[in-house]
Amino acid sequence: MTNRGRNAGRLLAIAWALVVALLLAHNAYLWLGKRIVPDTDILALLPVQERDPVLQASFTHMVDAAQQRVVVLVGAAEWSDAKRAADAYGAVLARHAGLFQSTPLDEQTQNDWLALFQQHRLTLLTAPQETQLRQEAPAFWRDAALSQLYSPFGGPKLGAWQDDPFGLFGGWVQERAQETPVRPRDGHLFVADGARQYVLLPMTLSVPAFSLGAQETVLPLLAQAEAAARLAVPGVEIISAGVILHAAAASSQAAGEMSTIGLGSLAGIILLTWLTFRSIKPISLILLSIGIGCLGSLSVCWLLFGKIHLMTLVFGASLIGVAQDYGIYFLCNRLGADPALDSRTLLRRLLPGLGLTLLAAVIGYMGLALTPFPGLRHMAVFSALGLVFAWLTVVFWFPALINGGTLKSGALVERYGAARARWPLLRANRATLIGGVLFILFAVFGISRLGVNDDIRLLQTPPAHLIRDQMKLSKLLDAPTPVQFYLVRGDSAEAVLQREEALKQRLLPLIAQKHISGYQAMSNWVPSLQTQAARRALLDAAILQPGAALDLLAQSVDEGPEWAGKVRAQLAQAGAPLSIDAFLDVPASEPWRHLWLGKVEGGHASIVALRGMQYAAIPLLARAADGLPGVQWVDKVAEISSVLGRYRVYMGAVVLGAYLVVFGLLLPRYRRRTWRVLAPTALASVAALALLGYLGLPLQLFHVLALMLLLGVGVDYGIFMQEHPDRRNNTPWLAVGLSAANTILSFGLLALSKTAALQAFGLTMLIGTALVWLLSPCFAEADNRSAADAAGEI
């Protein structure tokens, strides 16, 4: 190499040292100064519905309302035991009031809750009351009022009898109470099933549920509170639910897997590198390239996205298995080259192959970035950047750090290298024909057994006890699901409320058929002005006008027209319409505020949530919105599953397109041998799909994404083998073996993940990489040059 070339190499190495110093400083600032915490919100990985911001806002509204809540049920056979255990539980949390918000339940709370509705009680009626007002004679209402007055079982009484003599407001309040089975009892919230009586402890977190710091603080407190409750009443049942519990479980699982995969990969690389080179220096160089790759990808990702997700780090841990390919390739060639050959000269000869391997791998990762999933985009950018930084480290530093004669191979390398000479080669002969026919039969039969399943629920793997508690709590509280609901839109709040009321009429038959147990809607609490006016007119006609029910009642209780006039005037004062804004301003609206989206995108919108929904009834529920203007059925589970399915097909086409792109990139260098570079990866991908079919695993998006990445990884092996086709040259075979073993270690460990998506990804990569490794030598072109000539090529 000329002096000019050496000087340029030194300058690039120095410039790269400055870049690495900046990366170190930035990472130190992020971890030690800024103290960044990885994002653990699994929902952040899901696609955003960009085409319909109102639809996305409705889902976010429902999720936000749920994610800060923690609900605990403390149950025992005897109510007194349940109360004692709940008091012990609450006493522990009361010492940390800054973390939890809870509303005290006393008589004043209930009075405050009723105060607003008392002021508008003349417009608050149930649907059956409306029917009765239309159909029943004044004598019916007189008798009902007398029953309210004289019978201890005449229904709930709120305030003085003359404030609601016909029990209409009491009936409305009673209907509202039916929206939940929870009842106040002895200063606690009470609910029961056939075996136990429970105290309900609803809490709102003051800290973000997805914050690792909050999880580390809150969960031990909940455990202490549970221990205190069990100490107070042995055998008490504690049921807990909340997003923070699921987030903490996911964080713990991801952190554990990140350590397992990262350390496992690292240990595998160190061991294999030691067995190959019997020296610390190659190990140090490989770790150096991987380390700079990780530093660079983290820094740039943070600058691009402003955050880093924990799942990105878990996936990024597998980057270790790919980023070492470039260093391994250089070291293996350094080992096999003439010791007198200058390392920079050697690098110049390797650069075309090294550049193509980087390009193919980046194309593979960028395929993941074409999906609408923010999490996958982060993982793709993180991994591609890591490869680029590792590659640049090899190119800029390795020639200066290692010279000819430094490396020596061990006995293991000799034995492994000898295997290549005996490896079968595909030629136009009978053995190849038989092998091809057997492979086609294997692939066709396996793929014919391959089904598809894009249900997002298959990707959820929370701990069994959390699922059990969530299901029991939902059943006891008759809670609505946050992922299936109706979105109602209109030009004004009044239009939205009227459309809600039309929808509720469609839902009544479904309640009668027990497809749902009920619904939660803002119009349950604030009827439309149109409905309130109609109800007021009904009351005037049936109750208040002269000669109607109120005058009959006055006669029955021996009161004169003055008493009737006084009661009529008093009732009329409570006849002003109730507005949505007035309801939202009072604490009583707090449990229902998530149903009202208010003014969005130039219109108004609300949510009608369903209680006790039977999943089999989803098609019926979806059809209930047909033909209703402004009413839309929202099924987030089905929507995301549909997106997964659509992108599974789309990414399948992208994979095929990527093969064509890579073929075009390789064609100028390898000409008629190009198909030999790609064939091992293509056949391995087909075989991996067939094996999934034999294993009974349904195809999903993450299998296809793994095939995309397999192209990026597998084409490296094809390039290594075609760069040095001579069977007596062990260098490419050694590089392929080390790279494949490390990739299998890293991505193969993903197959052990409890996160279903990562497991699917890892299993496909495990099968595919192993097959590419085994198939690559079979496609090497025969080279009849002498061993000396082949070695001299390096």
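What counts, and at which threshold
Residues numbered from 1 in each chain as written. Predicted model: local features only at pLDDT ≥ 70, side-chain atom pairs only at ≥ 80, totals over all residues. Heavy atoms only, no water. Helix = DSSP H or I, 4+ residues; strand = E, 2+ residues; numbered from the N terminus. Rg over C-alpha atoms; globule rule 2.2 N^0.38 Å. Buried < 20%, exposed > 50% of the residue type's maximum accessible area, 1.4 Å probe, protein only. Contact = heavy atoms within 4.5 Å. Areas by Shrake-Rupley, 256 points an atom, 1.4 Å probe, with all protein chains shown as cover. Axes fitted to C-alpha atoms, helices over the stretch in contact; angles between N-to-C directions. Parallel < 35°, antiparallel > 145°, perpendicular 65-115°, else oblique. Nonpolar A, V, L, I, M, F, W, Y, C, P; charged D, E, K, R; others polar. Expected span 1.5 Å × (residues − 1). Phe/Tyr/Trp six-rings, centres within 6.5 Å; stacked < 30°, edge-to-face > 60°. Lys NZ or Arg CZ within 6 Å of the ring centre and 35° of its normal. Pairing = 2+ DSSP bridges. Core = buried A, V, L, I, M, F, W, Y, C linked by side-chain atoms within 4.5 Å. Disulfide = S-S within 2.5 Å. Polar contact = N/O pair within 3.5 Å; in protein donor to acceptor, adjacent residues only side chain to side chain. Bend = angle between axes of the 7 residues up to and from the residue. Patch = residues over 30% accessible without salt bridge, like charges linked within 9 Å, V, L, I, M, F, W, Y side chains within 5 Å. Salt bridge = Lys/Arg side-chain N within 4 Å of Asp/Glu carboxyl O.

Within the protein chain, the regular secondary structure consists of 30 helices and 11 strands. What you see for the protein chain is a C-alpha radius of gyration of 35 Å, clearly larger than the 28 Å of a compact globule of 794 residues, by over 25%. Considering only C-alpha atoms, the protein chain reaches an extent of 125 × 55 × 50 Å along its principal axes. Counting over 794 residues, the protein chain shows a buried share of 52%. Restricting to contacts in the protein chain with at least 6 residues of sequence separation, those with at least 24 account for 82%. Accessible surface, the protein chain as shown: approximately 34200 Å² in total, 62% of it carbon and sulfur.

Further remarks concern the packing of helix α25 (residues 636-670) against helix α26 (residues 674-695). It is the contact of α25 with α26, at a shortest axis distance of 8 Å, that shows an interaxial angle of 150°. Classified by the interaxial angle, the pair formed by α25 and α26 is roughly antiparallel. Contact residues: Y659, V662, F663, L666, L667 and Y670 in α25; T674, W675, V677, L678, T681, A682 and S685 in α26. Split by residue class, the contact of α25 with α26 holds 10 nonpolar, 3 polar and no charged.

Looking now at helix α3 (residues 79-94). Here α3 spans 22 Å end to end across 16 residues, near enough to the 22 Å set by a 1.5 Å rise per residue. Where α3 is concerned, the buried positions are W79, A82, A85, A86, A88, Y89, V92 and L93.

Going through the model one piece at a time under the given rule, you end up with 21 aromatic pairs. Plain terms: the ring middles of F169 and W172 are 6.0 Å apart, the flat faces sit at 15° to each other, and that makes the pair stacked. You can see F169 and its partner W172 sitting in helix α7 (residues 168-177), 3 residues apart, about one turn around the helix. For the pair shown, F169 and W172 are each scored as buried. The interplanar angle of 75° and the centroid separation of 6.1 Å between the aromatic rings of F330 and F398 together place this pair among those described as edge-to-face. Here F330, found in helix α12 (residues 320-336), pairs with F398, found in helix α14 (residues 374-401); they are 68 residues apart in sequence, far enough to count as distant. For the pair F330 and F398, a shared accessibility class is recorded, and that class is buried. By the ring-pair criterion, three or more aromatic residues cluster together here, those being F117, F169, W172, W525, F583 and W592. The ring of F190 has R185 sitting right over it, with the charged end atom 4.6 Å from the ring centre.

Pairing of strand β9 (residues 596-600) with strand β10 (residues 603-611) involves 4 bridges; the strand directions are antiparallel. Bridge pairing in β10 links W596 to S606. Counting the residues that bridge the hairpin from β9 to β10 gives 2 residues, and of these E601 lies at a positive phi of roughly 50°.

To continue, consider the nonpolar core. Grouped together as the largest cluster of nonpolar side chains are 108 residues, with contacts concentrated most on F330, L331 and L666. Ranked by the residues each element gives to this core, the list is headed by helix α27 (residues 701-723), at 16 residues. Those residues in contact with L331 that lie beyond four places of it in its chain are F277, P282, L285, I286, F398, I402 and L407. Ranked by size, the runner-up nonpolar core spans 50 residues in total, among them L114, F485, A588 and I618.

Evaluation of the coordinates by the stated rule reveals 0 disulfides. Of all cysteine sulfurs in the structure, the one in C778 sits closest to C332, which takes part in no disulfide; the separation is 20 Å.

This paragraph deals with the side chain of R676. Structurally, R676 is set in helix α26. Only 3.1 Å separates the side chain of R676 from the backbone oxygen of F779, close enough to count as a polar contact. Other than its neighbours up to four places away in sequence, R676 contacts R427, Q722, F779, A780 and E781.

Now for the environment of I290. Examined against the element boundaries, I290 turns out to sit in helix α10 (residues 280-305). Considered as a pair, I290 and D193 are 97 residues apart in the sequence and their alpha carbons are 57 Å apart.

Bringing the environment of T204 into the picture now. Within the secondary structure, T204 is located in strand β5 (residues 197-205). Spatially, the C-alpha atoms of T204 and Q101 are 5.0 Å apart, while their sequence positions differ by 103 residues. Contacts of T204, omitting those with residues within four sequence positions, involve Q68, L99, F100 and Q101.

Unusually for a residue other than glycine, E601 sits at a positive phi of about 50°. Summarising the element assignment, E601 is placed in the loop between β9 and β10. Although it is not a glycine, R671 sits at a positive phi angle of roughly 50°. Its place among the elements puts R671 in the loop between α25 and α26. For R671, a relative accessible area of 58% corresponds to the exposed category.

Attention shifts here to helix α18 (residues 493-512). End to end, α18 covers 29 Å across 20 residues, agreeing with the expected 28 Å (1.5 Å per residue, within 8%). Along α18, the sharpest change in direction is near 30° and occurs at R506; proline P509 comes one to four residues later. Looking at α18, one finds that the buried residues are A493, A495, V496, L497, E500, E501, L503, K504, L507 and L510. Once α18 ends, the next one or two residues include K514, with phi positive near 65°.

The next thing to look at is a nonpolar patch on the surface. Taken together, the side chains of L433, I434, V437, L438 and L441 present a nonpolar region at the surface, about 490 Å² in accessible area. By secondary structure assignment, the location of I434 is in helix α16 (residues 430-448). Assessed through its relative accessible area of 45%, I434 is described here as partly exposed.

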